[in-house]
Amino acid sequence: WQYNLNYFSWLFSKTPEQKIDQKTQLFLILDWIVKNPSARSETWEPYVISKRLVAWSKWLRMYQDLVEPVRNCICRSMFSQLKRLVQDLEYHNQANHLFENLAAMLVACLFLLQENFGFKATLASMATRASQELALQIEEQFFPDGGHYERSPMYHCEMLQALEEIDCSAKNVLKNQSIDSFDSLCVSLNELLEVGANKSALARDWLVNL
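Described in the following lines is the structure provided in the data block.

Rules behind the numbers
Residues numbered from 1 in each chain as written. Predicted model: local features only at pLDDT ≥ 70, side-chain atom pairs only at ≥ 80, totals over all residues. Heavy atoms only, no water. Helix = DSSP H or I, 4+ residues; strand = E, 2+ residues; numbered from the N terminus. Rg over C-alpha atoms; globule rule 2.2 N^0.38 Å. Buried < 20%, exposed > 50% of the residue type's maximum accessible area, 1.4 Å probe, protein only. Areas by Shrake-Rupley, 256 points an atom, 1.4 Å probe, with all protein chains shown as cover. Lys, Arg positive; Asp, Glu negative; His and termini not counted. Charge placed at Lys NZ, Arg CZ, Asp CG, Glu CD. Contact = heavy atoms within 4.5 Å. Core = buried A, V, L, I, M, F, W, Y, C linked by side-chain atoms within 4.5 Å. Salt bridge = Lys/Arg side-chain N within 4 Å of Asp/Glu carboxyl O.

## Examining the overall build of the protein chain
Okay, step 1: Per the secondary structure count, the protein chain includes eight helices and zero strands.
Okay, step 2: The helix and strand sequence of the protein chain, counted from the amino end, reads α-α-α-α-α-α-α-α.
Okay, step 3: A compact globule built from 210 residues would reach a C-alpha radius of gyration of about 17 Å, and the protein chain, at 17 Å, matches this within 12%.
Okay, step 4: Along the first, second and third principal axes, the C-alpha atoms of the protein chain reach 45 × 45 × 30 Å.
Okay, step 5: A buried classification covers 48% of the 210 residues belonging to the protein chain.
Okay, step 6: A total accessible area of about 10600 Å² is found for the protein chain, and carbon and sulfur atoms account for 54% of it.
Okay, step 7: For the protein chain, the separation between the mean place of its 20 positive charges and that of its 25 negative charges on side chains is 6 Å.

Right under this line is the structure:
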């Protein structure tokens with residue numbers, strides 16, 4: 001439960017009994033920042049960070065009207081979590097853990113670049129690394145029939161969702177020309193989109209057939 005609560009995926013719950021209003025959601029995000037200062041705690045483990053970074057990126061894109069100091073506060077926390085994640089990518093676990101790490105790394109970097117957060121060269125370098133490694137992982141982790149190699153329907157759905165989030169983030173940043181000055185990142189993202197589009201279609205078919 002500690003893992004699940006710290007994912008923040010519940011921000012997007014659609015069931016009436018679990019739905020939380022925007023003001024409470026914001027309070028809980030800021031409350032987390034205040035109460036989780038130690039990067040050595042369980043709430044800062046790489047898989048948990050990965051889930052949370054994607055959730056916060058998605059949430060901030062939904063609420064563009066947040067006042068600047070609050071938005072900056074959340075972005076600063078995301079950057080700190082991102083730096084922690086990069087130091088502890090789960091190569092020892094591989095599979096869905098490593099995939100989620102790299103996807104979160106890419107999504108968060110692209111989001112912060114679009115936010116003009118600062119540290120643009122660092123973010124672009126991390127995003128380039130993430131996109132190149134993701135292209136390799138997509139080819140390795142999805143079989144020719146579209147199924148994820150762990151053969152778990154649950155993880156298959158999560159990996160498919162990660163593929164769609166990657167696709168959305170990459171297309172959005174390329175369309176808005178937020179990274180025109182970073183040629184290697186643009187090239188890597190376009191290559192990733194090509195690989196991801198092919199595997200996403202196969203993965204959706206696999207799920208339907210199952």
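Let us keep going from here.
## Focus on the environment of valine 54
Okay, step 1: By secondary structure assignment, the location of valine 54 is in helix α3 (residues 46-62).
Okay, step 2: Taking C-alpha positions, valine 54 is 10.0 Å from asparagine 101, a pair spaced 47 residues apart along the chain.
Okay, step 3: Contact partners of valine 54, with chain neighbours within four places excluded, come to Ala104, Val107 and Glu165.

## Brief notes about the nonpolar core
Okay, step 1: Counting 63 residues, the largest nonpolar core has Trp56, Trp59, Ile74, Leu82, Phe99, Met105 and Leu106 as the members making the most contacts within it.
Okay, step 2: Secondary-structure elements contributing two or more residues to this core are α2 (22-35), α3, α4 (68-86), α5 (95-114), α6 (120-141), α7 (153-175) and α8 (183-209).
Okay, step 3: Counting residues per element, this core draws most heavily on α5, which supplies 14 residues.
Okay, step 4: Discounting residues that sit within four places of it in the chain, leucine 82 has contacts with Leu53, Met105, Ala108, Cys109, Leu112, Leu123 and Met126.

## Remarks on the pattern of salt bridges
Okay, step 1: Under the definition given, this model contains 10 salt bridges.
Okay, step 2: Across the pair arginine 151 and aspartate 145 runs a salt bridge whose closest N-O atoms are separated by 3.0 Å.
Okay, step 3: Notably, a salt bridge pairs arginine 204 with glutamate 164, separated by 3.4 Å at the nearest N-O pair. Taken together, the positions of arginine 204 in helix α8 and glutamate 164 in helix α7 put the pair 40 residues apart, joining distant regions of the chain.
Okay, step 4: Judged by its relative accessible area of 38%, arginine 204 is partly exposed.

## Some remarks on the environment of glutamine 87
Okay, step 1: Relative to the helices and strands, glutamine 87 is located in the loop between α4 and α5.
Okay, step 2: Given a relative accessible area of 68%, glutamine 87 falls into the exposed group.

## Looking at unusual backbone geometry
Okay, step 1: Of note in this structure, alanine 95 is not a glycine but carries a positive phi near 45°.
Okay, step 2: Tracing the backbone shows alanine 95 in helix α5.
Okay, step 3: With relative accessibility at 10%, the residue alanine 95 sits in the buried group.
Okay, step 4: In this structure, phenylalanine 119 is a non-glycine residue whose phi angle is positive, near 50°.
Okay, step 5: Turning to its location among the elements, phenylalanine 119 is positioned in the loop between α5 and α6.

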